[in-house]
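Structure assessment
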Amino acid sequence: MKNVIVIGGGPAGMIAAGIAAKNGNKTILIEKNEKLGKKLYITGKGRCNLTNASDPETLIKNITGNPYFLYSAFYTFTSQDTMEFFEKLGVRLKVERGNRVFPVSDKSSDIIKALERYLKINKVDVILKKEVDDIIIENKLIKGVHTKDNKLYLCDNLIIATGGLSYPVTGSTGDGYRFAKKAGHNVTKLYPSIVPLVSEEKWCSELQGLTLKNVSINLKVGGKTIYKDFGEMLFTHFGVSGPIILSASRFIIDKIDKKPQIIIDVKPSLNEKELDNRILRDFKKYKNKAFKNSLSELLPKKLIPVIIKLSEIDENKQVNEITKEERKKLVYTLKNITINIKSTRDFSEAVITAGGVDVNDIEPSTMKSKIIDNLSFAGEVIDTDGFTGGFNLQIAFSTGYLAGNNI
(Lines give C-alpha, C1' and ligand atoms only; values in the text may rest on other atoms or scores of the structure.)
Protein backbone atom coordinates (compact mmCIF):
# COMPACT_ATOMS: atom_id res chain seq x y z
CA MET A 1 0.00 0.00 0.00
CA LYS A 2 1.28 3.44 -0.95
CA ASN A 3 0.37 6.94 0.21
CA VAL A 4 -0.97 8.77 -2.82
CA ILE A 5 -1.80 12.48 -3.10
CA VAL A 6 -3.88 13.80 -5.97
CA ILE A 7 -3.92 17.59 -6.47
CA GLY A 8 -7.11 18.77 -8.14
CA GLY A 9 -10.73 17.74 -7.72
CA GLY A 10 -11.85 17.97 -11.32
CA PRO A 11 -12.87 14.96 -13.46
CA ALA A 12 -9.28 13.73 -14.03
CA GLY A 13 -8.33 14.11 -10.36
CA MET A 14 -11.48 12.45 -9.05
CA ILE A 15 -11.22 9.38 -11.26
CA ALA A 16 -7.45 9.11 -10.63
CA ALA A 17 -7.95 9.26 -6.85
CA GLY A 18 -10.81 6.77 -6.93
CA ILE A 19 -8.89 4.23 -9.03
CA ALA A 20 -5.69 4.61 -6.96
CA ALA A 21 -7.69 3.99 -3.77
CA LYS A 22 -9.60 1.07 -5.32
CA ASN A 23 -6.22 -0.56 -6.00
CA GLY A 24 -5.48 -0.53 -2.27
CA ASN A 25 -3.57 2.73 -1.86
CA LYS A 26 -4.18 5.24 0.92
CA THR A 27 -5.30 8.20 -1.17
CA ILE A 28 -5.79 11.89 -0.38
CA LEU A 29 -7.47 14.25 -2.85
CA ILE A 30 -6.68 17.92 -2.22
CA GLU A 31 -8.96 20.55 -3.81
CA LYS A 32 -8.64 24.32 -3.34
CA ASN A 33 -12.36 25.02 -3.93
CA GLU A 34 -15.16 24.53 -1.43
CA LYS A 35 -16.55 21.68 -3.57
CA LEU A 36 -15.41 19.15 -6.16
CA GLY A 37 -16.02 19.40 -9.89
CA LYS A 38 -16.58 23.14 -10.09
CA LYS A 39 -15.68 23.38 -13.79
CA LEU A 40 -17.51 20.13 -14.53
CA TYR A 41 -20.64 21.77 -13.17
CA ILE A 42 -20.74 24.34 -15.99
CA THR A 43 -19.67 22.09 -18.90
CA GLY A 44 -22.15 21.54 -21.71
CA LYS A 45 -24.13 24.58 -20.48
CA GLY A 46 -24.70 22.75 -17.21
CA ARG A 47 -25.79 19.52 -18.93
CA CYS A 48 -22.33 17.89 -18.92
CA ASN A 49 -21.34 16.35 -22.25
CA LEU A 50 -19.25 13.72 -20.47
CA THR A 51 -17.91 11.80 -23.48
CA ASN A 52 -18.41 11.00 -27.13
CA ALA A 53 -19.78 7.52 -27.94
CA SER A 54 -17.17 6.80 -30.60
CA ASP A 55 -14.40 4.23 -31.03
CA PRO A 56 -10.84 5.18 -29.99
CA GLU A 57 -9.76 5.93 -33.58
CA THR A 58 -12.60 8.47 -33.96
CA LEU A 59 -11.70 10.01 -30.61
CA ILE A 60 -8.11 10.44 -31.78
CA LYS A 61 -9.28 12.14 -35.00
CA ASN A 62 -11.04 14.75 -32.85
CA ILE A 63 -7.97 15.59 -30.79
CA THR A 64 -6.22 18.73 -32.00
CA GLY A 65 -3.23 18.75 -29.64
CA ASN A 66 -0.91 15.69 -29.62
CA PRO A 67 -3.54 13.09 -30.58
CA TYR A 68 -1.20 10.10 -30.71
CA PHE A 69 0.00 10.65 -27.16
CA LEU A 70 -3.54 9.59 -26.14
CA TYR A 71 -3.51 6.31 -28.06
CA SER A 72 -2.90 4.11 -24.97
CA ALA A 73 -5.22 6.18 -22.81
CA PHE A 74 -8.16 5.96 -25.24
CA TYR A 75 -7.67 2.24 -25.83
CA THR A 76 -7.23 1.44 -22.12
CA PHE A 77 -10.20 3.46 -20.87
CA THR A 78 -12.58 3.92 -23.80
CA SER A 79 -15.64 6.14 -24.08
CA GLN A 80 -17.67 2.90 -23.62
CA ASP A 81 -15.79 2.32 -20.35
CA THR A 82 -16.65 5.88 -19.28
CA MET A 83 -20.33 5.29 -19.99
CA GLU A 84 -20.35 1.97 -18.11
CA PHE A 85 -18.47 3.58 -15.22
CA PHE A 86 -21.22 6.17 -14.70
CA GLU A 87 -24.10 3.79 -15.40
CA LYS A 88 -22.76 1.44 -12.69
CA LEU A 89 -22.81 4.45 -10.35
CA GLY A 90 -26.52 4.92 -11.11
CA VAL A 91 -26.40 7.65 -13.78
CA ARG A 92 -28.68 6.98 -16.75
CA LEU A 93 -27.15 8.27 -19.98
CA LYS A 94 -28.34 9.25 -23.46
CA VAL A 95 -26.57 9.76 -26.79
CA GLU A 96 -27.45 12.85 -28.82
CA ARG A 97 -26.48 14.31 -32.19
CA GLY A 98 -22.80 13.86 -33.04
CA ASN A 99 -22.52 10.95 -30.53
CA ARG A 100 -22.48 13.41 -27.63
CA VAL A 101 -23.25 11.68 -24.33
CA PHE A 102 -25.26 13.39 -21.56
CA PRO A 103 -26.97 12.27 -18.37
CA VAL A 104 -30.68 11.64 -19.04
CA SER A 105 -31.44 14.25 -16.37
CA ASP A 106 -29.42 16.92 -18.27
CA LYS A 107 -27.80 17.78 -14.93
CA SER A 108 -24.02 17.96 -14.58
CA SER A 109 -24.53 17.67 -10.82
CA ASP A 110 -25.50 13.99 -11.35
CA ILE A 111 -22.05 13.30 -12.82
CA ILE A 112 -20.31 15.11 -9.94
CA LYS A 113 -22.42 13.25 -7.34
CA ALA A 114 -21.55 9.93 -8.99
CA LEU A 115 -17.82 10.72 -8.81
CA GLU A 116 -18.21 11.79 -5.18
CA ARG A 117 -19.93 8.45 -4.44
CA TYR A 118 -17.05 6.64 -6.13
CA LEU A 119 -14.53 8.48 -3.94
CA LYS A 120 -16.56 7.62 -0.83
CA ILE A 121 -16.95 3.93 -1.79
CA ASN A 122 -13.17 3.67 -2.21
CA LYS A 123 -12.44 5.62 1.01
CA VAL A 124 -10.57 8.51 -0.57
CA ASP A 125 -9.77 11.21 1.98
CA VAL A 126 -11.13 14.38 0.32
CA ILE A 127 -9.70 17.65 1.65
CA LEU A 128 -11.54 20.76 0.40
CA LYS A 129 -10.62 24.46 0.67
CA LYS A 130 -6.95 23.55 0.86
CA GLU A 131 -4.50 25.01 -1.65
CA VAL A 132 -1.19 23.33 -2.42
CA ASP A 133 1.57 25.92 -2.38
CA ASP A 134 4.57 23.78 -3.27
CA ILE A 135 5.74 20.24 -3.97
CA ILE A 136 8.69 18.75 -2.10
CA ILE A 137 11.37 17.00 -4.19
CA GLU A 138 14.38 15.20 -2.72
CA ASN A 139 16.82 13.02 -4.69
CA LYS A 140 14.62 13.15 -7.79
CA LEU A 141 11.58 11.88 -5.89
CA ILE A 142 8.41 13.59 -4.68
CA LYS A 143 8.28 13.47 -0.88
CA GLY A 144 5.06 15.42 -0.31
CA VAL A 145 3.30 18.76 -0.63
CA HIS A 146 3.08 21.96 1.37
CA THR A 147 -0.30 23.71 1.54
CA LYS A 148 -0.76 27.47 1.87
CA ASP A 149 -1.81 27.11 5.51
CA ASN A 150 1.67 25.66 6.14
CA LYS A 151 0.62 22.01 6.49
CA LEU A 152 2.84 19.22 5.21
CA TYR A 153 1.39 16.10 3.57
CA LEU A 154 3.82 13.27 2.81
CA CYS A 155 3.34 10.80 -0.01
CA ASP A 156 4.92 7.96 -1.99
CA ASN A 157 3.24 9.07 -5.24
CA LEU A 158 1.83 12.35 -6.49
CA ILE A 159 -0.70 12.90 -9.30
CA ILE A 160 -1.03 16.46 -10.63
CA ALA A 161 -4.54 17.01 -12.04
CA THR A 162 -4.88 20.75 -11.53
CA GLY A 163 -6.50 21.63 -14.88
CA GLY A 164 -5.38 24.45 -17.16
CA LEU A 165 -6.00 28.20 -17.19
CA SER A 166 -9.50 28.26 -18.71
CA TYR A 167 -12.40 29.51 -16.55
CA PRO A 168 -10.09 30.72 -13.73
CA VAL A 169 -13.15 31.40 -11.54
CA THR A 170 -13.41 27.61 -11.14
CA GLY A 171 -9.90 27.46 -9.67
CA SER A 172 -7.91 26.76 -12.85
CA THR A 173 -5.08 29.18 -12.21
CA GLY A 174 -2.10 27.25 -13.64
CA ASP A 175 -0.63 25.89 -10.37
CA GLY A 176 0.14 22.56 -12.03
CA TYR A 177 2.42 24.20 -14.58
CA ARG A 178 4.47 25.73 -11.78
CA PHE A 179 4.77 22.35 -10.01
CA ALA A 180 5.70 20.63 -13.30
CA LYS A 181 8.44 23.18 -14.01
CA LYS A 182 9.85 22.71 -10.53
CA ALA A 183 10.02 18.96 -11.23
CA GLY A 184 12.07 19.68 -14.37
CA HIS A 185 9.28 19.42 -16.94
CA ASN A 186 8.94 21.61 -19.99
CA VAL A 187 5.62 23.48 -20.24
CA THR A 188 4.67 24.46 -23.79
CA LYS A 189 3.16 27.82 -24.68
CA LEU A 190 -0.37 28.21 -23.30
CA TYR A 191 -3.30 29.52 -25.34
CA PRO A 192 -7.01 29.98 -24.63
CA SER A 193 -8.78 27.52 -26.95
CA ILE A 194 -12.33 26.60 -27.97
CA VAL A 195 -12.80 30.31 -27.48
CA PRO A 196 -14.86 33.13 -29.07
CA LEU A 197 -13.11 35.34 -31.64
CA VAL A 198 -12.77 39.13 -31.81
CA SER A 199 -13.41 40.70 -35.24
CA GLU A 200 -11.94 43.76 -36.93
CA GLU A 201 -15.39 44.49 -38.39
CA LYS A 202 -17.53 46.80 -36.26
CA TRP A 203 -20.75 45.59 -37.94
CA CYS A 204 -20.54 42.30 -35.99
CA SER A 205 -21.72 44.19 -32.91
CA GLU A 206 -24.81 45.35 -34.87
CA LEU A 207 -25.71 41.65 -35.17
CA GLN A 208 -25.17 40.91 -31.46
CA GLY A 209 -27.39 38.02 -30.36
CA LEU A 210 -28.10 36.77 -33.90
CA THR A 211 -27.63 33.02 -34.35
CA LEU A 212 -27.13 31.65 -37.84
CA LYS A 213 -27.93 27.96 -38.32
CA ASN A 214 -26.85 25.66 -41.17
CA VAL A 215 -24.11 27.97 -42.40
CA SER A 216 -20.65 26.94 -43.55
CA ILE A 217 -17.39 28.61 -42.65
CA ASN A 218 -14.04 28.61 -44.39
CA LEU A 219 -11.09 29.56 -42.19
CA LYS A 220 -8.19 31.08 -44.12
CA VAL A 221 -4.68 32.05 -43.09
CA GLY A 222 -2.53 33.82 -45.68
CA GLY A 223 -5.20 33.13 -48.29
CA LYS A 224 -4.99 29.36 -47.69
CA THR A 225 -7.90 27.34 -46.27
CA ILE A 226 -6.88 25.58 -43.06
CA TYR A 227 -10.29 24.54 -41.70
CA LYS A 228 -13.90 24.17 -42.84
CA ASP A 229 -17.06 23.52 -40.85
CA PHE A 230 -20.84 23.55 -41.08
CA GLY A 231 -23.40 24.29 -38.38
CA GLU A 232 -24.35 27.07 -35.99
CA MET A 233 -22.63 30.35 -35.13
CA LEU A 234 -23.44 33.45 -33.10
CA PHE A 235 -22.63 37.15 -33.42
CA THR A 236 -21.56 39.00 -30.28
CA HIS A 237 -20.69 42.56 -29.25
CA PHE A 238 -16.99 41.80 -29.93
CA GLY A 239 -17.16 39.40 -32.88
CA VAL A 240 -18.26 35.79 -33.32
CA SER A 241 -18.90 32.69 -31.22
CA GLY A 242 -21.03 29.53 -31.34
CA PRO A 243 -20.10 25.86 -31.97
CA ILE A 244 -18.40 26.11 -35.39
CA ILE A 245 -16.48 29.26 -34.40
CA LEU A 246 -15.24 27.68 -31.16
CA SER A 247 -13.96 24.65 -33.09
CA ALA A 248 -12.30 26.91 -35.68
CA SER A 249 -10.55 28.91 -32.95
CA ARG A 250 -8.22 25.99 -32.17
CA PHE A 251 -6.58 26.37 -35.57
CA ILE A 252 -5.67 30.04 -35.24
CA ILE A 253 -4.73 30.54 -31.58
CA ASP A 254 -1.06 30.70 -32.58
CA LYS A 255 -1.67 32.42 -35.95
CA ILE A 256 -3.40 35.67 -34.96
CA ASP A 257 -0.42 37.69 -36.24
CA LYS A 258 -1.00 36.16 -39.70
CA LYS A 259 -4.39 37.92 -39.97
CA PRO A 260 -6.78 34.94 -40.20
CA GLN A 261 -10.14 35.34 -41.94
CA ILE A 262 -13.43 33.52 -41.52
CA ILE A 263 -15.55 33.42 -44.68
CA ILE A 264 -19.21 32.63 -44.03
CA ASP A 265 -21.57 31.12 -46.59
CA VAL A 266 -25.11 31.79 -45.31
CA LYS A 267 -26.67 29.63 -48.05
CA PRO A 268 -24.31 26.64 -48.42
CA SER A 269 -27.05 24.32 -49.70
CA LEU A 270 -27.39 26.45 -52.87
CA ASN A 271 -24.71 26.97 -55.48
CA GLU A 272 -24.31 30.46 -57.00
CA LYS A 273 -26.70 29.76 -59.90
CA GLU A 274 -29.37 28.27 -57.59
CA LEU A 275 -29.04 31.18 -55.18
CA ASP A 276 -29.33 33.65 -58.06
CA ASN A 277 -32.54 31.92 -59.19
CA ARG A 278 -33.88 32.09 -55.63
CA ILE A 279 -33.12 35.83 -55.44
CA LEU A 280 -34.76 36.35 -58.86
CA ARG A 281 -37.96 34.73 -57.57
CA ASP A 282 -37.97 37.05 -54.55
CA PHE A 283 -37.19 40.07 -56.73
CA LYS A 284 -40.08 39.19 -59.02
CA LYS A 285 -42.37 39.04 -56.01
CA TYR A 286 -41.15 42.37 -54.64
CA LYS A 287 -40.36 44.11 -57.97
CA ASN A 288 -42.05 47.38 -57.01
CA LYS A 289 -40.43 47.60 -53.56
CA ALA A 290 -37.17 49.12 -52.40
CA PHE A 291 -34.20 46.70 -52.24
CA LYS A 292 -34.11 46.90 -48.43
CA ASN A 293 -37.66 45.46 -48.32
CA SER A 294 -37.01 42.53 -50.66
CA LEU A 295 -34.85 40.20 -48.57
CA SER A 296 -37.17 39.31 -45.67
CA GLU A 297 -37.87 35.77 -46.96
CA LEU A 298 -34.21 35.08 -47.67
CA LEU A 299 -32.49 36.38 -44.53
CA PRO A 300 -33.06 37.05 -40.82
CA LYS A 301 -34.30 40.63 -40.31
CA LYS A 302 -31.22 41.65 -38.31
CA LEU A 303 -28.81 40.50 -41.04
CA ILE A 304 -30.45 42.44 -43.90
CA PRO A 305 -28.89 45.93 -43.24
CA VAL A 306 -25.39 44.39 -43.00
CA ILE A 307 -25.81 42.41 -46.23
CA ILE A 308 -27.06 45.55 -48.00
CA LYS A 309 -24.02 47.47 -46.76
CA LEU A 310 -21.60 44.71 -47.85
CA SER A 311 -23.25 44.31 -51.26
CA GLU A 312 -22.88 48.09 -51.87
CA ILE A 313 -26.33 48.23 -53.51
CA ASP A 314 -28.42 51.34 -52.71
CA GLU A 315 -30.97 50.21 -50.15
CA ASN A 316 -33.65 52.50 -51.61
CA LYS A 317 -33.15 51.32 -55.17
CA GLN A 318 -36.28 49.76 -56.73
CA VAL A 319 -35.92 46.00 -57.07
CA ASN A 320 -36.86 46.12 -60.76
CA GLU A 321 -33.92 48.50 -61.36
CA ILE A 322 -31.25 46.23 -59.86
CA THR A 323 -28.79 45.14 -62.54
CA LYS A 324 -27.53 41.64 -63.24
CA GLU A 325 -24.07 42.73 -62.04
CA GLU A 326 -25.50 44.02 -58.76
CA ARG A 327 -27.39 40.75 -58.29
CA LYS A 328 -24.18 38.85 -58.94
CA LYS A 329 -22.49 40.96 -56.24
CA LEU A 330 -25.33 40.12 -53.82
CA VAL A 331 -24.93 36.38 -54.49
CA TYR A 332 -21.17 36.65 -53.93
CA THR A 333 -21.73 38.59 -50.68
CA LEU A 334 -24.13 35.98 -49.27
CA LYS A 335 -21.63 33.21 -49.95
CA ASN A 336 -18.51 35.14 -48.89
CA ILE A 337 -19.17 37.23 -45.76
CA THR A 338 -15.60 37.92 -44.66
CA ILE A 339 -14.64 38.51 -41.04
CA ASN A 340 -11.06 39.49 -40.20
CA ILE A 341 -9.98 38.07 -36.84
CA LYS A 342 -8.14 40.49 -34.57
CA SER A 343 -7.69 38.25 -31.50
CA THR A 344 -9.25 35.54 -29.37
CA ARG A 345 -11.09 36.24 -26.12
CA ASP A 346 -9.07 35.44 -23.00
CA PHE A 347 -8.85 32.39 -20.71
CA SER A 348 -11.94 33.47 -18.75
CA GLU A 349 -14.07 32.60 -21.81
CA ALA A 350 -12.06 29.64 -23.13
CA VAL A 351 -13.49 26.14 -22.78
CA ILE A 352 -10.01 24.64 -22.58
CA THR A 353 -6.31 25.45 -22.46
CA ALA A 354 -4.14 24.47 -25.42
CA GLY A 355 -0.57 23.73 -24.38
CA GLY A 356 0.66 22.39 -21.05
CA VAL A 357 3.10 19.85 -19.64
CA ASP A 358 5.15 18.59 -22.59
CA VAL A 359 3.99 15.10 -23.65
CA ASN A 360 7.60 14.17 -24.45
CA ASP A 361 8.22 14.20 -20.69
CA ILE A 362 5.31 11.84 -19.89
CA GLU A 363 5.04 8.08 -20.43
CA PRO A 364 1.84 7.72 -22.54
CA SER A 365 0.88 4.25 -21.29
CA THR A 366 1.01 5.21 -17.59
CA MET A 367 0.90 9.06 -17.40
CA LYS A 368 4.05 8.85 -15.26
CA SER A 369 6.75 11.49 -15.48
CA LYS A 370 9.89 10.43 -17.34
CA ILE A 371 11.88 12.75 -15.04
CA ILE A 372 10.52 12.00 -11.55
CA ASP A 373 9.67 8.34 -10.90
CA ASN A 374 6.75 8.84 -8.51
CA LEU A 375 5.05 11.76 -10.26
CA SER A 376 2.10 11.45 -12.68
CA PHE A 377 -0.12 13.86 -14.59
CA ALA A 378 -3.78 13.72 -15.65
CA GLY A 379 -6.24 15.89 -17.54
CA GLU A 380 -5.99 19.40 -18.93
CA VAL A 381 -2.63 20.17 -17.32
CA ILE A 382 -1.08 17.97 -20.07
CA ASP A 383 -0.42 19.48 -23.52
CA THR A 384 -3.31 17.76 -25.28
CA ASP A 385 -6.80 18.96 -26.19
CA GLY A 386 -9.70 18.26 -28.52
CA PHE A 387 -12.83 19.63 -30.13
CA THR A 388 -16.08 20.19 -28.27
CA GLY A 389 -18.40 17.17 -28.21
CA GLY A 390 -17.21 15.28 -25.12
CA PHE A 391 -13.63 14.75 -26.31
CA ASN A 392 -11.92 16.89 -23.67
CA LEU A 393 -13.73 15.19 -20.81
CA GLN A 394 -12.80 11.81 -22.27
CA ILE A 395 -9.16 12.97 -22.18
CA ALA A 396 -9.66 13.74 -18.47
CA PHE A 397 -11.26 10.36 -17.71
CA SER A 398 -8.81 8.28 -19.77
CA THR A 399 -5.64 9.99 -18.50
CA GLY A 400 -7.03 10.06 -14.96
CA TYR A 401 -7.73 6.33 -15.11
CA LEU A 402 -4.20 5.57 -16.37
CA ALA A 403 -2.57 7.81 -13.73
CA GLY A 404 -4.55 6.22 -10.89
CA ASN A 405 -4.27 2.66 -12.16
CA ASN A 406 -0.49 2.76 -12.58
CA ILE A 407 0.46 3.65 -9.03
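A brief structural summary. (Residues numbered from 1 in each chain as written. Predicted model: local features only at pLDDT ≥ 70, side-chain atom pairs only at ≥ 80, totals over all residues. Heavy atoms only, no water.)

Describing the overall build of the protein
Selection rule: Counting from the N terminus, the helices are DSSP H or I runs at least four residues long and the strands are E runs at least two residues long. When accessible area is computed with a 1.4 Å probe and restricted to protein chains, residues below 20% of their type maximum are described as buried, those above 50% as exposed, and intermediate ones as partly exposed. Surface accessibility follows the Shrake-Rupley procedure with a 1.4 Å probe radius. Residue values consider only the protein chains on display as shielding. Asp and Glu are treated as the negative residues and Lys and Arg as the positive ones, with His and the ends of the chain left uncounted. Charge positions are represented by NZ for Lys, CZ for Arg, CG for Asp and CD for Glu.
The helix and strand inventory of the protein stands at 13 helices and 23 strands. Structurally, the protein occupies a C-alpha span of about 85 × 40 × 35 Å along its principal axes. Counting over 407 residues, the protein shows a buried share of 55%. Looking at the protein as shown, the accessible area adds up to about 18200 Å², and 49% of this sits on carbon and sulfur atoms. Measuring between centres, the 61 positive side-chain charges of the protein sit 3 Å from its 47 negative side-chain charges.

Observations regarding unusual backbone geometry
Here lysine 129, not a glycine, exhibits a phi torsion of approximately 55°, which is positive. If you trace the backbone, lysine 129 turns up in the loop between strand E7 (125-127) and strand E8 (132-138). By relative accessible area, which is 65% here, lysine 129 ends up exposed. Look at asparagine 150: it is not a glycine, yet its phi comes out positive at around 65°. Note on placement: asparagine 150 falls in the loop between strand E9 (141-147) and strand E10 (152-154).

Looking at the packing of helix H1 (residues 11-22) against helix H6 (residues 108-121)
Stated formally: Axis definition: a line fitted to C-alpha atoms, over the contacting stretch in the case of helices. Angles run 0 to 180 degrees between N-to-C directions. If an angle is under 35 degrees, it is roughly parallel; if it is over 145, roughly antiparallel; if it lies from 65 to 115, roughly perpendicular; otherwise it is oblique. For any pair of crossing helices, the crossing counts as left-handed if the nearer helix is rotated counterclockwise from the farther one by less than a right angle, and right-handed if it is rotated clockwise. It only takes one pair of heavy atoms within 4.5 Å for two residues to be counted as in contact.
Look at H1 against H6: their axes get within 9 Å of each other, and the N-to-C directions meet at 25°. In terms of axis orientation, H1 runs roughly parallel to H6. For the pair H1 and H6, the sense of crossing is left-handed. Together, Met14, Ala17, Gly18, Ile19 and Lys22 of H1 and Leu115, Tyr118 and Leu119 of H6 make up the contact between the two elements.

Some points on the sheet that holds strand E15 (residues 224-235)
As a reminder of what qualifies: Strands were regarded as paired on the criterion that DSSP finds at least two bridges between them.
Strands sit in the order E13-E16-E15-E14-E17-E18 around a closed barrel of six strands; the barrel is antiparallel. Neighbour-to-neighbour, the strand axes of the sheet open up by a mean angle of 45°, direction not taken into account. Two elements, strand E13 (residues 197-199) and strand E18 (residues 337-344), share three bridges in a ladder whose sense is antiparallel. Across the sheet, valine 198 pairs through a bridge with serine 343, a residue of E18. Contacts from helix H12 (residues 324-335) reach strand E17 (261-265) and E18, with the element oriented near 115° to E17.

Remarks on the environment of arginine 250
Definition in use: Polar contacts, as used here, are pairs of N or O atoms within 3.5 Å; protein pairs need one atom able to donate a hydrogen and one able to accept it. Residues neighboring in sequence count only if both atoms are side-chain atoms.
Among the secondary structure elements, arginine 250 is positioned in the loop between helix H9 (243-249) and E17. Distance from arginine 250 to glycine 379, taken between C-alpha atoms, is 18 Å for residues 129 residues apart in sequence. If near-sequence neighbours (up to four positions away) are discounted, arginine 250 is found in contact with Thr64, Gly65, Ser193, Ala354 and Asp385. In terms of polar contacts, arginine 250 uses its side chain to reach the side chain of aspartate 385, at 2.5 Å.

Some thoughts on a nonpolar patch on the surface
What counts is decided by this rule: Grouping into patches uses exposed residues only, defined as over 30% relative accessible area, and leaves out salt-bridged ones; the cut-off is 9 Å for like charges and 5 Å for nonpolar side chains (Val, Leu, Ile, Met, Phe, Trp, Tyr). The salt bridge definition used is simple: a Lys or Arg side-chain nitrogen within 4 Å of an Asp or Glu carboxyl oxygen.
A cluster of nonpolar residues, Tyr68, Tyr71 and Tyr75, forms a patch on the protein surface that exposes about 370 Å² of accessible area. Take tyrosine 75: it is sitting in helix H4 (residues 71-76). Since its relative accessible area comes to 40%, tyrosine 75 is described here as partly exposed.

As for the pattern of salt bridges
Considering all chains together, one arrives at 21 salt bridges under this definition. With a closest N to O distance of 2.8 Å, glutamate 380 and lysine 39 form a salt bridge. Taken as a pair, glutamate 380 in the loop between strand E22 (375-377) and strand E23 (385-386) and lysine 39 in helix H2 (residues 38-42) lie far apart in primary sequence, 341 residues in all. For the pair formed by glutamate 380 and lysine 39, the shared burial category is buried. Three or more residues joined by partner-sharing salt bridges are found here, namely Lys32, Glu131, Lys148 and Asp175.

A word on helix H7 (residues 175-182)
For H7, every residue scored as buried is listed here: Asp175, Gly176, Tyr177, Phe179 and Ala180. Taken together, the buried residues of H7 touch strand E1 (3-7), E8, strand E11 (157-160), strand E19 (352-354) and E22. Glycine 184 sits one or two residues past H7 and shows a positive phi near 95°.

Thoughts on the packing of aromatic side chains
Formally: Between rings of Phe, Tyr and Trp, where Trp is taken as its six-membered ring, a pair exists when centres lie within 6.5 Å; planes separated by under 30 degrees are stacked, by over 60 edge-to-face, and by other angles tilted. Ring-over charges, as used throughout, are those where CZ of Arg or NZ of Lys falls within 6 Å of the ring centre and within 35 degrees of the ring normal.
Scanning the model with the defined rule gives 11 aromatic pairs in all. Over the face of the ring belonging to phenylalanine 102 we find arginine 47, whose NZ or CZ atom lies 3.9 Å from the ring centre. One cation-aromatic arrangement involves arginine 345 over phenylalanine 238; the distance from NZ or CZ to the ring centre is 3.9 Å.

Details of the environment of glutamine 80
Its place among the elements puts glutamine 80 in helix H5 (residues 79-88). Classification of glutamine 80 by relative accessible area gives partly exposed; the value is 43%. Remark: the alpha-carbon pair of glutamine 80 and aspartate 55, spanning 25 residues in sequence, is separated by 8.2 Å.

Honestly, it's all geometry; don't read function into it.
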